[in-house]
Amino acid sequence: MHKYRGQCRLVLKPASTDEVSRILRYCNDEMLAVVPQGGNTGLVGGSVPVFDEIVVNMSRMNKIHSFDDVGGCLVLDAGCILEVADQFVAERGYVFPLDLGAKGSCHVGGNVATNAGGLRFLRYGSLHGSVLGMEVVLPDGTVLDDMCTLRKNNTGYDLKQLFIGAEGTIGIITKLSVLCPQRSPAVNVAFLGLSSYQKAQQAFREAKAHLSEILSAFELMDAKSQQLVRAVRKEKHPLDDEHPFYCLIETSGSNGEHDYAKLEAFLESVMSNDVVSDGIVAQDASQIKSLWTWRESVPECIGHWGGVYKYDVSIPLSDMYTIVDDVKARLTEAGLLGETDEYPVLGAVGYGHMGDSNLHLNVAVRRYDKKVEQALEPFVYEWIEKRKGSISAEHGLGLAKKNFIKYSRNDTTVGLMKQIKHLYDPALGGGLPQNGIMNPYKYI
Ligand code: FAD
Ligand code: MLT
Ligand code: ZN
């Protein structure tokens, strides 16, 4: 995004939990700030050293330790790349319960630290459910071994949950056990064109009704997002005509014929009721991959012209896309959005995980400009607050959203969060030494 530039004089690459523990103990004693770093693909600047922090990069801790091919529990190091972990379980008939566009670079530890949502959240749910156990090194070097491989374990507070989504502010995750579901042998993908957001909502309702347990993804893309992907990739779009909205629907099940029949019944219903204007169903694995590309490459292509202001929001579905229209109107009125180079903004784009009420509002710019930022903020955050939405549905707070937490969380909640941070990573204050070594300047 050309947005964050870090400063750092030292990067450490530990190869074992013991090394992580010794690093943190030393840094805590010497009051040296530390930034845990996974694949460095996070979108809110969480892995960037802001002033002079020591980067602890987890890439050498990348072993897969064990896999239970009856129960589906995978035990692996935090520095394993998501795609590598998924390939490992795929060979054994299972799937990693998370998938996202950055899978080739991001680490499973980074995924858990950000509580990443991704493309199949609709089917497999949150990492709060899939992570069964964790080993984590606390800021003073203590190793917390909670490497449970059980699904059920109601013996006291579930401490590992605190580290899921903590973005490296209370400890470094070193090892994980993750419950992997059975991989579905039959996968189908349909790519649909729709005339309005209202129709996209109808299509989602129909998809749930017709496809229920085999529905594994329901993604939304607006016309502008697809125009930008086409402009960068210079490839023919899967649908001949342009439509205001597109949905990518994936089904994953155990019986190809049965699933295809369900998908056909769904398509017949939405086509004959005029919910969907046009559509295509992938005929083989390579076409499935190619249809997914038109969704997965949206974030990368949007940044092509210079930069992007990113908002990752959750709003009740009925109102979800209105924010894109309102932002477009605001930027146009302010004389900031236009076709030619004199305008800093080239488009306000909406896409995302409609099945999870999670929209990515991205404002693509030719250059970063204070006037654009002032038009967007706090407007976007106030808009979301009014609808009781979330200002960060899946990307987290990091550096980018830290100052805006109040739009989604009340004072009592933020106060308790600060107490938790201080409990694990004390910043004593009152003239006493300030530790608070773990990923400072971020989160809360
Ligand atoms: P990093 O970026 O290195 O770090 C992220 C944060 O976690 C930082 O605060 C860091 O300090 C901390 N951290 C990293 N490793 C550890 C550890 N072992 N212990 C403690 N803290 C740690 N996100 C979604 O939720 N859904 C998506 O669909 C999605 N799609 C994406 C698509 C693209 C093309 C890109 C570039 C990003 C996407 N993301 C998405 C962002 C997503 O958060 C990250 O890709 C991923 O989860 C972060 O993993 P990472 O290993 O790169 O972590
Ligand atoms: C996505 O769903 O593609 C992502 O979360 C990435 C992004 O918004 O940039
Ligand atoms: Zn996303």
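Residues numbered from 1 in each chain as written. Chains lettered and ligands numbered in written order. Predicted model: local features only at pLDDT ≥ 70, side-chain atom pairs only at ≥ 80, totals over all residues. Heavy atoms only, no water.

K.L.:
What is the right way to read the coordination of the zinc ion (ligand 3) from this model?
P.N.:
When a metal holds four donors in a tetrahedron, each ideal angle between them is 109.5 degrees; when it holds six in an octahedron, the ideal angles are 90 or 180 degrees. Bound to the zinc ion (ligand 3) are the protein donor atoms His353 (NE2), His360 (NE2) and Glu394 (OE), situated 1.9 to 2.1 Å from the metal. Each donor residue of the zinc ion (ligand 3) lies on one chain, and together they are spaced H-x6-H-x33-E. Residue His360 is located in strand β15 (residues 358-365), and its partner Glu394 is located in the loop between α14 (379-386) and α15 (411-424); the two are separated by 34 residues in the primary sequence. According to the relative accessible area criterion, His360 is buried, its value standing at 4%. Given the relative accessible area of 10%, Glu394 is considered buried. (Donors = N, O, S within 2.8 Å, 3.2 Å for Na, K, Ca; no water. Helix = DSSP H or I, 4+ residues; strand = E, 2+ residues; numbered from the N terminus. Buried < 20%, exposed > 50% of the residue type's maximum accessible area, 1.4 Å probe, protein only.)

K.L.:
Got a minute to help me understand the site of ligand 1 in this structure?
P.N.:
Neighbouring ligand 1 are 33 residues, the closest being Pro36, Gly38, Gly39, Thr41 and Gly42. At 2.5 Å, a side-chain N or O of Thr41 approaches an oxygen atom of ligand 1. Gly168 has a polar backbone atom sitting 3.5 Å from a nitrogen atom of ligand 1. Those elements giving two or more residues to the shell around ligand 1 turn out to be β2 (34-37), α3 (108-114) and β8 (172-179). Per-element tally for the shell around ligand 1: the top contributor is α3, with four residues. The class makeup of the residues in the shell around ligand 1 is eleven nonpolar, 20 polar and two charged. (Near = heavy atom within 4 Å. Polar contact = N/O pair within 3.5 Å; in protein donor to acceptor, adjacent residues only side chain to side chain. Nonpolar A, V, L, I, M, F, W, Y, C, P; charged D, E, K, R; others polar.)

K.L.:
Looking at this model, I keep getting lost on the pairing of strand β10 (residues 215-222). Mind explaining?
P.N.:
On any regular strand, side chains alternate: one points to one face of the sheet, the next to the other face. By the criterion of burial, β10 is predominantly enclosed, with eight of the eight residues buried. Taken together, the seven bridges between β10 and strand β11 (residues 245-253) define a ladder with antiparallel strand orientation. Each bridged residue has a counterpart across the sheet, and for Asp222 the counterpart in β11 is Phe245. (Pairing = 2+ DSSP bridges.)

K.L.:
Explain the layout of surface pockets to me, please; I cannot follow it from the model alone.
P.N.:
Think of a ball as big as a water molecule: rolled over the atoms, this probe shows where empty space is left. Within this model, the second largest pocket holds a volume of roughly 670 Å³. With four residues, α15 is the largest single contributor of residues to the lining of the second largest pocket. Residue composition of the lining of the second largest pocket, by class: twelve nonpolar, eleven polar and four charged. Of the domains in this structure, domain 2 (64-179) and domain 4 (303-407) are the two that each give at least three residues to the lining of the second largest pocket. (1 Å grid on protein atoms, 1.4 Å probe; cavity = no way out; pocket = protein on both sides within 12 Å on 5 of 7 lines; lining within 4 Å. Points joined across faces, edges and corners; volume = space filled by probe spheres on them. Domains from an automatic or database assignment.)

K.L.:
Even after reading the chapter, I still don't get α14, so can you show me in this structure?
P.N.:
Because an α-helix packs 3.6 residues into every turn, residues spaced three or four apart end up facing the same way. Within the span of α14, buried status applies to Val380, Tyr381, Trp383 and Ile384. The arc that holds every buried residue of α14, seen down its axis, measures 160 degrees, which confines them to one face. Residues of α14 that are buried make contact with β13 (307-314), α12 (322-333), β15 and α13 (370-376). Directly after α14, the chain includes Lys388, whose backbone phi takes a positive value near 55 degrees. (Arc of directions from axis to C-beta. Contact = heavy atoms within 4.5 Å.)

K.L.:
Help me out: how do you make sense of the site of ligand 2 in this one?
P.N.:
Ligand 2 sits among Leu43, Arg295, Pro299, Lys310, Tyr351, His353, His360, Glu394 and His395. A distance of 3.1 Å is found between an oxygen atom of ligand 2 and a side-chain nitrogen or oxygen belonging to Tyr351. In the model, an oxygen atom of ligand 2 is placed 3.0 Å from a nitrogen or oxygen of the His360 side chain. In the complex, the protein chains occlude 85% of the 270 Å² of accessible area that ligand 2 would expose alone. (Areas by Shrake-Rupley, 256 points an atom, 1.4 Å probe, with all protein chains shown as cover.)

K.L.:
Mind showing me how you'd approach the sheet that holds β11 here?
P.N.:
The strands making up a sheet associate through backbone hydrogen bonding, with each pair oriented either parallel or antiparallel. Taking strand neighbours across the sheet as the criterion, the seven strands line up as β12-β9-β11-β10-β14-β15-β13 in an open arrangement whose pairing is antiparallel. Edge strands, defined here as strands with exactly one partner in the open sheet, are β12 (278-281) and β13. On average, each strand axis in the sheet is tilted by 15 degrees relative to the strand beside it, whichever way the strands run. Pairing between strand β9 (residues 186-194) and β12: four bridges, direction antiparallel. (Axes fitted to C-alpha atoms, helices over the stretch in contact; angles between N-to-C directions.)

K.L.:
Just checking my understanding: could you explain the domain arrangement of the protein for this structure?
P.N.:
It is common to give the size of an interface as the accessible area that goes away when the parts come together. Considered domain by domain, the protein is made up of domain 1 (11-57), domain 2 (64-179), domain 3 (186-300) and domain 4 (303-407). On a C-alpha basis, the centroid separation for the pair domain 1 and domain 2 is 19 Å. Taken together, the contact pairs 13 residues of domain 1 with 15 residues of domain 2. When the two sides are added together, the surface that domain 1 and domain 2 hide from each other amounts to roughly 1100 Å², 70% of it contributed by carbon and sulfur. Linking domain 1 with domain 2 are zero salt bridges. Remark: the boundary between domain 1 and domain 2 carries two residue pairs in polar contact (both at pLDDT 80 or more). For the side of domain 1 that touches domain 2, the secondary-structure elements that each account for two or more residues are α1 (17-30) and β2. If you tally residues by element for the side of domain 1 that touches domain 2, the top one is α1, at six residues. Tallied by class, residues from the side of domain 1 that touches domain 2 come to six nonpolar, six polar and one charged. (Buried area = accessible area lost by both parts, 1.4 Å probe. Salt bridge = Lys/Arg side-chain N within 4 Å of Asp/Glu carboxyl O.)

K.L.:
Please explain the side chain of Lys310 as it appears in this structure.
P.N.:
Of note, Lys310 is situated in strand β13. The charged side chain of Lys310 is buried without a salt bridge, its nearest counter-charge being Glu394 at 9.0 Å. In this structure the side chain of Lys310 is engaged in a polar contact, spanning 2.9 Å, whose partner is the side chain of Asn362. (Lys, Arg positive; Asp, Glu negative; His and termini not counted.)

K.L.:
Would you mind showing me how to read empty space enclosed by the protein here?
P.N.:
Under the criterion given, the structure shown has one cavity of 30 Å³ or more. Of the volumes computed, that of the largest cavity is approximately 30 Å³. Forming the walls of the largest cavity are Leu43, Val44, Lys310, Tyr311, Asp312, His395 and Lys401. Class assignment of the residues belonging to the lining of the largest cavity gives a composition of three nonpolar, one polar and three charged.

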